[in-house]
Amino acid sequence: MKRSVLTRYRVMAYVTAVMLLVLCTCMVFKYGFDTGEDVTFMVSQAHGVLYIIYLIFAFDLGSKAKWPFGKLLWILLSGTIPFAAFFVERTVVRDVEPLLAGDAAAQPAKA
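Residues numbered from 1 in each chain as written. Predicted model: local features only at pLDDT ≥ 70, side-chain atom pairs only at ≥ 80, totals over all residues. Heavy atoms only, no water.

Caption draft 1: A look at the packing of helix 2 (residues 37-65) against helix 3 (residues 69-77). At a minimum axis distance of 9 Å, the contact between helix 2 and helix 3 shows a crossing angle of 155 degrees. As summarised for this structure, helix 2 and helix 3 are arranged roughly antiparallel, according to the angle between their axes. Viewed along their axes, helix 2 and helix 3 form a crossing whose handedness is right-handed. Residues Tyr-51, Tyr-54, Leu-55, Ala-58, Phe-59 and Gly-62 of helix 2 lie in contact with helix 3, whose contacting residues are Leu-72, Ile-75, Leu-76 and Leu-77. (Axes fitted to C-alpha atoms, helices over the stretch in contact; angles between N-to-C directions. Helix = DSSP H or I, 4+ residues; strand = E, 2+ residues; numbered from the N terminus. Parallel < 35°, antiparallel > 145°, perpendicular 65-115°, else oblique. Left-handed = near helix turned anticlockwise from the far one by under 90°. Contact = heavy atoms within 4.5 Å.)

Caption draft 2: Main features of the nonpolar core. Formed by 19 residues in total, the largest nonpolar core has its most connected members in Leu-6, Tyr-9, Tyr-54, Leu-61, Trp-67, Ile-75 and Val-92. Elements supplying a minimum of two residues to this core: helix 1 (3-32), helix 2, helix 3 and helix 4 (84-106). Those residues in contact with Ile-75, other than ones at most four positions away along the chain, are Tyr-9, Tyr-54, Ala-58, Trp-67, Val-88 and Val-92. By size, the runner-up hydrophobic cluster in this structure holds five residues, among which are Met-19, Leu-20, Leu-23 and Cys-26. (Core = buried A, V, L, I, M, F, W, Y, C linked by side-chain atoms within 4.5 Å. Buried < 20%, exposed > 50% of the residue type's maximum accessible area, 1.4 Å probe, protein only.)

Caption draft 3: Focus on a nonpolar patch on the surface. Where nonpolar side chains cluster on the molecular surface, the patch consists of Val-28, Phe-29 and Phe-33 and spans about 320 Å² of accessible area. Along the chain, Phe-29 falls in helix 1. On the basis of relative accessible area, Phe-29 is assigned to the partly exposed category, the value being 41%. (Patch = residues over 30% accessible without salt bridge, like charges linked within 9 Å, V, L, I, M, F, W, Y side chains within 5 Å. Areas by Shrake-Rupley, 256 points an atom, 1.4 Å probe, with all protein chains shown as cover. Salt bridge = Lys/Arg side-chain N within 4 Å of Asp/Glu carboxyl O.)

Caption draft 4: Structural view of the pattern of salt bridges. Throughout the structure, instances matching the rule amount to six salt bridges. For Glu-89, the salt bridge is made with Arg-10, and the minimal N-O distance between the two is 2.5 Å. Of this pair, Glu-89 sits in helix 4 while Arg-10 sits in helix 1; the two residues are 79 residues apart in sequence, bridging distant segments of the chain. Of the residues examined, Glu-89 reaches a relative accessible area of 0% and is grouped as buried. Residue class for Arg-10 comes out partly exposed when judged on its relative accessible area of 28%. Several salt bridges converge on common partners, so that one network encompasses Arg-8, Asp-60 and Lys-64.

Caption draft 5: Just helix 1, in detail. Between the first and last C-alpha of helix 1 there are 43 Å, a value that for 30 residues agrees with the 44 Å anticipated at 1.5 Å per step. Every buried residue of helix 1 is accounted for by Val-5, Leu-6, Tyr-9, Met-12, Ala-13, Thr-16, Ala-17, Met-19, Leu-20, Leu-23 and Cys-26. Asp-34 sits one or two residues past helix 1 and shows a positive phi near 55 degrees. (Expected span 1.5 Å × (residues − 1).)

Caption draft 6: Inspection of the packing of helix 1 against helix 2 at higher detail. Across the interface, helix 1 lies against helix 2 with an axial gap of 8 Å and an inter-helix angle of 155 degrees. In terms of orientation, helix 1 lies roughly antiparallel with respect to helix 2. Handedness of the helix 1/helix 2 crossing: left-handed. Partitioned by chemical class, the residues of the contact of helix 1 with helix 2 number 22 nonpolar, four polar and five charged. (Nonpolar A, V, L, I, M, F, W, Y, C, P; charged D, E, K, R; others polar.)

Spatial relationships are all this shows, so hold off on functional conclusions.
Structure (structure tokens):
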């Protein structure tokens, strides 16, 4: 597995998590203070598109790391729970780093 698979997952995990927090803030303003309906709509649309990209990258990483279905499902759903993606991302990095180190050790040295 290439390191770029992990990197793109990490970027999308952070972007999705931040956008979800922004969306939650917008929802508070929309329903709590009756303001910002247009901003909430735009942020929700952006988060939806980014979440789909996150799902694709997370599924790609999970299939290459050969995770069981339950673990993959938890990682896919973490993009819908505020703050969860930050913690799950750290766990994923700890799980995948040894796989990347093993792949690097298996590669022959180039002359």
